[in-house]
Amino acid sequence: MISPPTSEAELLNRAYSIAGFTLNELATQNNLICPQDLCREKGWVGMLLERCLGAIAGNKPEQDFQNIGIELKSIPISYMGKPLETTFVCIAPFIKVQGLTWENSHIRNKLSKVLWIPVEGEREIPIRDRHVGTPLIWQPSAEEEAQLKVDWEELMEFIVLGKVHKINARHGEYLQLRPKAANSKELTIAYGDRGQPIKTLPRAFYLRTQFTARILSHYFTLPENK
DNA sequence: AATTGATCATTA
DNA sequence: TAATGATCAATT
């Protein structure tokens, strides 16, 4: 078990030191067994990278490296270096949302600085053979933050107005709200349009691949088309 | 081929 | 139950 990094430079060095290795090599180094597939261990790659980099394994609603203000995100990429999945950010709040602004939101804090680690994610590549890519530290530009804020405000309006049942994944240009639960029968408390408590499926904020593709492309030159 | 809604494991 | 880590797979 390695200790948490004490600086951004240390974290980035560690991230560079695992770039190029396969998941099986990293698993072995950490005394873990690489699964055949991720069907029943969807977060396995993320957990492996946490161990490699010294993140405190936990489910606290905070950045992974709170001491240095950085969130860790693994992102599955195609052969062309484009994201294969949307990126989970955090659970959406359904209660105590009065007075909540983008500026003091949990999601803004999480996205204020992110260490992205691309990992090969094509399904035809066995998990054990997938390579970890070059890491990058990202902070939203003024434009990116403005775009996220617009989406966040649009999505939060449903919640504040008690229109949770009208939410679907099509809202939001870069940020979307989708289910985040063990199954579709799981329920959490929200408020209806007359202010009455209701039970509904928990949702979370996800970054669309279009948005994360742009982040990655700022750092790597990608071939044209597809 | 891209996207949406559904789902899995673990911890506290 | 709610939070973390996400990907799966049916549908469009």
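The structure under discussion appears in the preceding block.
Conventions used here
Residues numbered from 1 in each chain as written. Chains lettered and ligands numbered in written order. Predicted model: local features only at pLDDT ≥ 70, side-chain atom pairs only at ≥ 80, totals over all residues. Heavy atoms only, no water. Helix = DSSP H or I, 4+ residues; strand = E, 2+ residues; numbered from the N terminus. Rg over C-alpha atoms; globule rule 2.2 N^0.38 Å. Buried < 20%, exposed > 50% of the residue type's maximum accessible area, 1.4 Å probe, protein only. Contact = heavy atoms within 4.5 Å. Near = heavy atom within 4 Å. Polar contact = N/O pair within 3.5 Å; in protein donor to acceptor, adjacent residues only side chain to side chain. Axes fitted to C-alpha atoms, helices over the stretch in contact; angles between N-to-C directions. Parallel < 35°, antiparallel > 145°, perpendicular 65-115°, else oblique. Left-handed = near helix turned anticlockwise from the far one by under 90°. Patch = residues over 30% accessible without salt bridge, like charges linked within 9 Å, V, L, I, M, F, W, Y side chains within 5 Å. Areas by Shrake-Rupley, 256 points an atom, 1.4 Å probe, with all protein chains shown as cover. Salt bridge = Lys/Arg side-chain N within 4 Å of Asp/Glu carboxyl O.

Asker: Can you help me understand the overall build of chain A in this one?
Answerer: Secondary structure summary: chain A contains 6 helices and 8 strands in total. Along chain A, helices and strands appear, N-terminal first, in the series α-α-α-β-β-α-β-β-α-β-β-β-β-α. In terms of overall size, chain A behaves like a compact globule, its C-alpha atoms giving a radius of gyration of 18 Å where 226 residues would be expected to give roughly 17 Å. Projected onto the principal axes, the alpha-carbon positions of chain A cover approximately 55 × 40 × 35 Å. Across the 226 residues in chain A, those meeting the buried criterion constitute 43%. Pairs at least 24 apart in sequence give 66% of the contacts found in chain A among residues at least 6 apart.

Asker: Got a minute to help me understand the environment of Ser78 in this structure?
Answerer: You can see Ser78 is positioned in the loop between β1 (71-77) and β2 (87-91). Judged by relative accessible area, which is 15%, Ser78 ranks as buried. Along the chain, Ser78 and Val114 lie 36 residues apart, while their C-alpha atoms are 20 Å from each other. Aside from chain neighbours lying at most four places away, what touches Ser78 is Leu84 and Glu122.

Asker: Looking at this structure, I do not really get the protein's contact with DNA strand C. What am I missing?
Answerer: In the neighbourhood of DNA strand C, 27 residues make up the surrounding shell, with Asn59, Ser74, Arg123, Lys180 and Tyr206 lying closest. A share of 58% of the atoms of DNA strand C within 4 Å of the protein falls on sugar and phosphate groups. Taking Arg178, its side chain carries an N or O atom lying 3.4 Å from a base oxygen of DNA strand C. Taking Tyr206, its side chain carries an N or O atom lying 2.8 Å from a base nitrogen of DNA strand C. Of all the secondary structure elements, the ones that give two or more residues to the surface near DNA strand C are α3 (44-53), β1, β2 and α4 (106-110). Residue contributions to the surface near DNA strand C peak at 4 residues, all from β1.

Asker: Before we go on, may I ask you to explain the packing of helix α1 (residues 8-18) against α3 in this structure?
Answerer: Pairs of packed helices are described in terms of their axes, by the angle between the two and the distance that separates them. Following both chains from N to C, one finds α1 and α3 inclined at 120°, their axes separated by 9 Å at the closest point. Between α1 and α3, the interaxial angle falls into the category oblique. Viewed along their axes, α1 and α3 form a crossing whose handedness is right-handed. Across from Leu11, Arg14, Ala15 and Ile18 in α1, the residues of α3 making contact are Leu49, Cys52 and Leu53.

Asker: Help me out: how do you make sense of a nonpolar patch on the surface in this one?
Answerer: Nonpolar side chains collect at one region of the surface, where Ile95, Ile189 and Tyr191 lie side by side and expose about 250 Å² of accessible area between them. With respect to the helices and strands, Ile189 occurs in strand β6 (residues 188-191).

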